[in-house]
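# Analysis of the macromolecular model
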Amino acid sequence: MNILLLGSGGREHALAWKMRVSPLLDNLFIAPGNAGTGLIGKNLNVDPEDFNGVKNAVIKNNIEMVVVGPEVPLVKGITDFFLNDPDLSRVSVIGPSSRGAQLEGSKEFAKQFMVQHKIPTARYLAVTLDTIDEGERFLNTLKSPFVLKADGLAAGKGVLIIDDIDEAKNELQMMLSGKFGKASNTVVIEEFLSGIELSVFVVTDGHSFMMLPEAKDYKRIGEGDSGLNTGGMGAVSPVPFADEDFMNKVEKRIIKPTIEGFKEDGIEYKGFIFFGLIKVEGEPYVIEYNVRLGDPETEVVMPRLQTDVVEVFKAVAAGRLKDLTPKFDPRTAVTVMMVSGGYPGKYEKGKNILGLDHVEGSIVFHAGTTSSNGVVTSGGRVLAVTSLGSSIDEALEKSYRNAEKIQFEKKYYRKDIGFDLK
Ligand code: AMP
Ligand code: GLY
């Protein structure tokens with residue numbers, strides 16, 4: 001089978017790496033990919049948001065399946081585009097319909113879905129400029145800190161957590177007046193939940209689902225979870241506090257009602273669901289839905305998946321996922337993200353990366369790299385160094401040893417990934 005994977009980050013390199021070992025795969029194409037995916041498949045210079053460009057690449061390369069990595073093409077309707085085009089109807093797409101993708105594309109839609117299907121989540125009110133007075137009254141009923149979320153996609157920056165109520169009211173006004181463009185024309189105001197977060201992943205064919213390994217990511221730039229939010233600085237899987245009892249609650253109260261909800265609401269969904277959860281006094285709540293895998297979580301999830309991922313995708317496409325039982329590596333996987341100095345603020349690109357061939361005992365997934373007389377940096381998050389071990393410490397020791405060997409100007413990484421789990 002010929003497969004096209006859309007995206008260019010560490011998540012896509014990890015997916016490509018896992019797909020590459022499948023006997024079911026013939027040719028693998030990645031659009032646009034990075035220097036790492038270019039070593040295991042053919043990178044195509046096509047923008048995943050240019051659906052006609054994707055269509056041309058699919059026809060030209062005889063592609064039978066498209067796996068969508070990032071959320072934006074899904075929210076923009078790439079799956080519907082394929083379903084509705086007679087030239088593409090034989091091509092399977094791994095990724096939900098645009099209605100399904102609204103779970104990530106609209107926080108208000110996601111909250112309504114959860115209330116409708118009795119899925120535990122924080123209390124909320126969605127407001128627009130016309131209903132700002134109601135929003136202020138709702139804020140008065142909540143305790144500090146106050147959570148304000150832009151309804152639409154805001155590249156991970158649309159959530160504000162504010163201690164002071166006057167400041168929260170002020171920010172609400174600014175958001176509704178266009179602080180995040182159209183994405184914040186509607187704002188979801190939420191009760192703050194205090195607990196510990198984790199990411200739970202499933203893949204579904206719309207009827208049944210398969211659990212994948214859970215993971216915890218480290219979003220802040222600084223050690224001890226300090227400083228600015230990033231796309232993710234590292235991850236660990238499995239998550240020790242996600243014990244059997246807790247995961248049973250997640251399955252019963254969150255995953256099953258979500259899949260049932262799709263059926264009841266007539267939502268077509270063949271793809272990944274990423275449940276951003278928080279454990280509050282032992283109980284799981286949904287903080288957010290994403291309609292894709294996480295990054296850098298995928299860089300620890302794929303190395304633990306022992307089942308052929310292409311077989312999983314074929315089962316998803318054919319609607320026979322219930323026939324498959326996945327196998328996972330029981331060892332701990334960790335990943336340490338090496339980033340460009342200055343990230344998540346301003347940083348420079350085009351730095352030569354040296355030492356990749358000295359890496360031993362870890363897998364290096366490329367995130368922001370490109371080939372230009374060797375491998376050079378092309379993004380804030382550059383490389384994810386993943387290792388497996390019998391404990392978090394044993395796995396981390398390998399990743400840190402290898403991260404030291406890899407050189408690029410102003411490289412930075414957190415040296416405390418997993419600090420709160422040990
Ligand atoms: P989101 O983009 O919805 O994942 O929000 C970004 C981050 O804000 C989450 O990972 C949480 O750390 C935090 N957050 C969002 N909603 C809440 C909430 N209701 N209570 C506490 N923290 C939250
Ligand atoms: N690591 C969080 C995300 O992918 O959204």
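The structure displayed is predicted, hence computed values, not measured ones.

Thresholds, definitions, all that
Residues numbered from 1 in each chain as written. Chains lettered and ligands numbered in written order. Predicted model: local features only at pLDDT ≥ 70, side-chain atom pairs only at ≥ 80, totals over all residues. Heavy atoms only, no water. Near = heavy atom within 4 Å. Polar contact = N/O pair within 3.5 Å; in protein donor to acceptor, adjacent residues only side chain to side chain. Nonpolar A, V, L, I, M, F, W, Y, C, P; charged D, E, K, R; others polar. Areas by Shrake-Rupley, 256 points an atom, 1.4 Å probe, with all protein chains shown as cover. Helix = DSSP H or I, 4+ residues; strand = E, 2+ residues; numbered from the N terminus. Axes fitted to C-alpha atoms, helices over the stretch in contact; angles between N-to-C directions. Parallel < 35°, antiparallel > 145°, perpendicular 65-115°, else oblique. Contact = heavy atoms within 4.5 Å. Buried < 20%, exposed > 50% of the residue type's maximum accessible area, 1.4 Å probe, protein only.

## Some thoughts on the site of ligand 2
Around ligand 2, a shell composed of Asp217, Gly231, Phe274, Arg292, Gly294, Asp295, Pro296 and Glu297 is seen. Contact distances for ligand 2 include 3.0 Å between an oxygen atom and a side-chain N or O atom of Arg292. Measuring from a nitrogen atom of ligand 2, one finds a side-chain N or O atom of Glu297 at 2.8 Å. Within the shell around ligand 2, the residues separate by chemical class into 2 nonpolar, 2 polar and 4 charged.

## Focus: the site of ligand 1
Taken together, 14 residues are adjacent to ligand 1, and Glu190, Glu191, Leu193, Glu197 and Glu288 come closest. Within the contact set of ligand 1, a nitrogen atom lies 3.0 Å away from a backbone nitrogen or oxygen of Glu191. A distance of 3.3 Å separates an oxygen atom of ligand 1 from a polar side-chain atom of Lys219. Summarising the interface, the protein chains cover 87% of the accessible area of ligand 1, which totals 470 Å² for the free molecule. Taken together, the elements giving at least two residues each to the shell around ligand 1 come down to strand 7 (146–150), strand 8 (159–162) and strand 17 (283–290). Here the residues of the shell around ligand 1 sort into 7 nonpolar, no polar and 7 charged.

## A few points about unusual backbone geometry
Residue Pro145 is bonded to the preceding Ser144 through a cis peptide linkage, with omega at -5°. Among the secondary structure elements, Pro145 is positioned in the loop between helix 8 (132–141) and strand 7. The amide bond that connects Ser237 to the next residue, Pro238, takes the cis arrangement and shows omega of 0°. Unusually for a residue other than glycine, Asn62 sits at a positive phi of about 55°. Turning to its location among the elements, Asn62 is positioned in the loop between helix 3 (51–60) and strand 4 (65–68). One non-glycine residue with positive phi stands out, namely Lys410, at about 65°. Mapping Lys410 onto the fold places it in the loop between helix 13 (392–405) and strand 23 (411–412).

## What to know about the packing of helix 6 (residues 98–105) against helix 7 (residues 107–116)
Axis separation between helix 6 and helix 7 bottoms out at 6 Å; the angle between their running directions is 100°. Between helix 6 and helix 7, the interaxial angle falls into the category roughly perpendicular. Across from Arg99, Gln102, Leu103 and Gly105 in helix 6, the residues of helix 7 making contact are Lys107, Phe109, Ala110 and Phe113.

## Considering the environment of Ser387
Structurally, Ser387 is set in strand 22 (residues 381–389). Ser387 sits in the buried class, given a relative accessible area of 1%. With 24 residues separating them in the primary sequence, Ser387 and Ile363 have C-alpha atoms 6.4 Å apart. Beyond its immediate stretch of four places on either side in the chain, Ser387 contacts Thr332, Ala333, Val334, Gly361, Ser362, Ala395, Lys398 and Ser399. Of note is the side chain of Ser387, whose polar atom sits 2.6 Å from the side chain of Ser399.

The values reported here are purely geometric and, on their own, carry no functional implication.
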